[in-house]
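Topology and contacts: notes
Chain by chain, the residues:
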2 protein chains.
Amino acid sequence: MSKDIGITVKKSEDFSEWYNQVVLKAELADYASAKGFMVLRPYGYQIWEIIQSVLDREFKRLGVRNAYFPALIPESILKREAEHFKGFVPEVFWVTEAGDNKLNERLAVRPTSETIAYSSYSKWIRSWRDLPLLLNFWNSVMRAEIKSTKPFIRTSEFLWQEGHTAHATKEEADKMVLTILNLYKWFIEEYLAIPVLAGCKTEREKFVGALYTTTLEAIMPDGKALQMGTSHNLGQNFSKVFEIKYLGQDKQEHYVWQTSWGVSWRLIGAVIMVHGDDKGLILPPKIAPIQVIVIPIFYKDKPNEELASKAKDLTALLTENGVRAYCDDREEYTPGWKFNEWELRGVPLRLEIGPRDLENRTVTFALRDTSERVVVEEGAVVEKAKELLDVLQTRLKKRAEAMFRELCSTIESYEEFKQILASKGGFIKAGWCGDQTCEVSIKEETGADIRVVPFEADSSLKKCVYCGREAKITAYFAKAY
Amino acid sequence: MSKDIGITVKKSEDFSEWYNQVVLKAELADYASAKGFMVLRPYGYQIWEIIQSVLDREFKRLGVRNAYFPALIPESILKREAEHFKGFVPEVFWVTEAGDNKLNERLAVRPTSETIAYSSYSKWIRSWRDLPLLLNFWNSVMRAEIKSTKPFIRTSEFLWQEGHTAHATKEEADKMVLTILNLYKWFIEEYLAIPVLAGCKTEREKFVGALYTTTLEAIMPDGKALQMGTSHNLGQNFSKVFEIKYLGQDKQEHYVWQTSWGVSWRLIGAVIMVHGDDKGLILPPKIAPIQVIVIPIFYKDKPNEELASKAKDLTALLTENGVRAYCDDREEYTPGWKFNEWELRGVPLRLEIGPRDLENRTVTFALRDTSERVVVEEGAVVEKAKELLDVLQTRLKKRAEAMFRELCSTIESYEEFKQILASKGGFIKAGWCGDQTCEVSIKEETGADIRVVPFEADSSLKKCVYCGREAKITAYFAKAY
């Protein structure tokens, strides 16, 4: 593989450039002709399809149904919940013209769908029989990014899902918020092999218009935190503004309690950052579009028909047995070139088969993360492939957990706080008095904000890391993407 | 069912009002708060998901992969192909502001993705090894509608898929165009149970920027034609403008040949119009989210546990055997109310089970289209359900074909042409000299345009229906949605 095709920087030396090269050269995504926007290429889209299919199945198990709401929202509707509007207005794209006509009212390109959805919910919900209303939308949203674009992490448009539910009581809404947060956590840890911290956002960091926000946060190898998903209890803030009322079994009218929650293609960005190495992407088997790449080792001076047909048969056998396999039998590329290409693209397992294997009725597996090679009897190919994919999935998770532990510090003094942040970064667990002035001062002085307030406080942290007063809250601080 | 819940007009008496009532009352879709836009509600979305899953599977079998391109297109990119731009500019929504900032360049909300996709294709395609490039995008597009909104049929935003392929030769592109047209035709006839005419559009009616357009057209019960899907050969019009070139095996540079093709949620509109009746929607079983609705007939004065549990068991049994079944065991509604509701929603088959059935170990099926009732041994439920669903699918198709034949006329004189158009409408097959002035005159005088030029001409039609000169072309005329 020539230099300009492979990754030309080390992950440990220039993380940002390494990341951009992996995204582009593994053909996951590309920059678009509109500044700040990204094209999701087929290989990246296949990963998104796998993420979608698992989450969609789980949402449906919970009774959540899909729907589609318009991408344009009249300004008057977006404005109804004042805080929500104030939070989003700096980054809204506005449609002001249609054809040659100036519009009477500006239309916002959807930055999120609370307002447009809830103006319909108020028509659809009449009685307790209509509750709970559990909907989800797979769509794209737009938020004008003034900072520089980072594919998957920061783009002006992104693909995501947004769930929007309405319930009879606060307790039911609370439960929904946590059910979804736990579902996200399970998915991120078991499928993406990335450990996350779970907890609440502070008042300052919560979703605009929410009662409270729960969040999942991961840590990247450069020591910066990445928000992986959020689940909000919106209380009755929106239902009062949009008049979403139901007639209860008590014959009284009540406002509904609402939740909203979402994850985006940012999850793919996290996978790239956490698992990749100097050769490129490494995909956890459970989300790899190709789990096993089958490569026949053709010889120039021998007839290759038998080899080619054996490679195809093995690919078919794996596919029939539920393994996502693909046979790269292109004759215009050398085996070495193919090895490099599929390593760059992060395929977890390579199956090589050459003339000698054909004679011996064996194949050779190579594992993407360790480069370890294993010779296997042909009859055991399926069983062994599944076993090795499991090994790899578990190993990636363990490795990510080790990094996570390495990048989690518990401190008591502000000096130590600043020192760790300047050296390795990561999550810093500390006591906090709960006062916003301390939160803001820390952010201004160090660039770190409170990413998570964990559900259980650490009682050993007795003082606020900034002001020294009594710590009422345990907080995880970090610099973040 | 109270009057305001059920359909209050007859399909034969006020087709347009009947259609709108079915859309709203079967909860397929709703009007959105932005004028001209529509909300796709969960029941409608489930139908769209079934349509998507079948087409997506077939696209992938052809080697087509999915991708996502931005929803905003810089004006300079949209303008590059002059005809294409001219065709779309009257209906483009323009983003001119982001937050408080005026943009330097207007951004078009995607009316279709040729231009933005092909500005990437020119980067991705280098050599013959990169061809064919076969991509598809599931997204939404926007075209400002000045006429009044008709859900599924005419809305300012709609969900669709758009395929965009690049090939080495014109022959390959020609083949792709027809492969997709035939796939659409098969899907529309076999799944939606709607017969269609296949053929080409005239120069005047082809896609702006295409070499030629192929189309599928159906006829609605009110005698108006509905375009169901199109597949275009774009020739080298876009590749020359966007500089999409490849180095051939002959070591020479060549421009690629391109195709694009799409179907939209309009297909759901056609299903409603063609199959529905005075009671509401009738869904062809193959695209029905619920194929069998199971309704236990509870008695007020008896214990119903056994009945409820039997109904659930039968539902599970059907589901395990690949039948989409749902049990409506709500106790707050009467069986009669439920019958009406599920008939309104077009569920093809109802399974009733009452106390007497429980004793006799039988169930009763009712067919949505004919109201025919069939008593079946409990042990034969799965087999019989599948059989009746097949019967219904075939019967709907046959009925639609009969309507299609009834609404297809072949004529020789312009008098007859106008007479038929004024009475029953439908497709009118006639000879045409090929001259655009005749095509335009007919359109202006009667409102009918040429929907399809069939692949095979009818040699019995010797004269142009308008000018009387020699007929060079056979054309199907109709008024259209």
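As the structure is a computational prediction, the values presented were derived from the model and not from experiment. (Residues numbered from 1 in each chain as written. Chains lettered and ligands numbered in written order. Predicted model: local features only at pLDDT ≥ 70, side-chain atom pairs only at ≥ 80, totals over all residues.)

So, the packing of helix 9 (residues 305–320) of chain A against helix 12 (residues 381–406) of chain A
Residue and element names in this part refer to chain A. The N-to-C vectors of helix 9 and helix 12 enclose an angle of 60°; their axes lie 10 Å apart at closest approach. Taken as axis vectors, helix 9 and helix 12 run oblique relative to one another. Seen from above, helix 9 lies across helix 12 with right-handed handedness. Across the interface between the two elements, Leu314, Leu317 and Leu318 of helix 9 pack against Val381, Val382 and Ala385 of helix 12. In terms of residue class, the contact of helix 9 with helix 12 is built from six nonpolar, no polar and no charged. (Axes fitted to C-alpha atoms, helices over the stretch in contact; angles between N-to-C directions. Helix = DSSP H or I, 4+ residues; strand = E, 2+ residues; numbered from the N terminus. Parallel < 35°, antiparallel > 145°, perpendicular 65-115°, else oblique. Left-handed = near helix turned anticlockwise from the far one by under 90°. Contact = placed C-beta atoms within 7 Å. Nonpolar A, V, L, I, M, F, W, Y, C, P; charged D, E, K, R; others polar.)

Considerations on the domain arrangement of chain A
Interfaces are often described in size by the accessible area the parts lose on coming together. All names here are of chain A. Under the domain assignment, chain A is made up of domain 1 (15–275), domain 2 (285–392) and domain 3 (408–478). For domain 1 versus domain 2, the separation of C-alpha centres amounts to 39 Å. With nine residues of domain 1 in contact, the opposing surface of domain 2 contributes six residues. Among the elements that make up the side of domain 1 that touches domain 2, the one with the highest residue count is helix 2 (residues 42–61) (five residues). Looking at the side of domain 1 that touches domain 2, its residues break down into seven nonpolar, one polar and one charged. (Domains from an automatic or database assignment.)

Side note on the sheet that holds strand 18 (residues 362–367) of chain A
Residues and elements named next belong to chain A. The five strands are arranged 16-15-17-18-19 in an open sheet whose pairing can be described as mixed. Strands with a single pairing partner mark the edges of an open sheet, and in this sheet they are strand 16 (325–327) and strand 19 (373–377). Across this sheet, the average inter-strand angle for adjacent strands is 25°, counted without regard to direction. Of the strand pairs in this sheet, strand 15 (residues 292–296) and strand 16 are connected by three bridges, and their pairing is parallel. The residue bridging Val292 from the neighbouring strand is Ala325, located in strand 16. Here helix 12 sits on the sheet in contact with strand 15, strand 17 (349–353), strand 18 and strand 19, set at roughly 10° to strand 18. (Pairing = 2+ DSSP bridges.)

Concerning the relation of the copies chain A and chain B
What relates the two chain copies is a rotation about an axis together with a slide along it. Taken as rigid bodies, chain A and chain B are interconverted by a rotation of 180° and an axial shift of 0.0 Å, the fit giving an RMSD of 0.0 Å. On the angle and the small slide along the axis, the relation comes out as a two-fold axis. Measuring from the rotation axis to each C-alpha of chain A, the shortest distance belongs to Val95 of chain A, at 2.1 Å. Most of the interface of chain A is mirrored in chain B, where 100% of its interface residues again form contacts. (Least-squares fit on C-alpha atoms with pLDDT ≥ 70 in both.)

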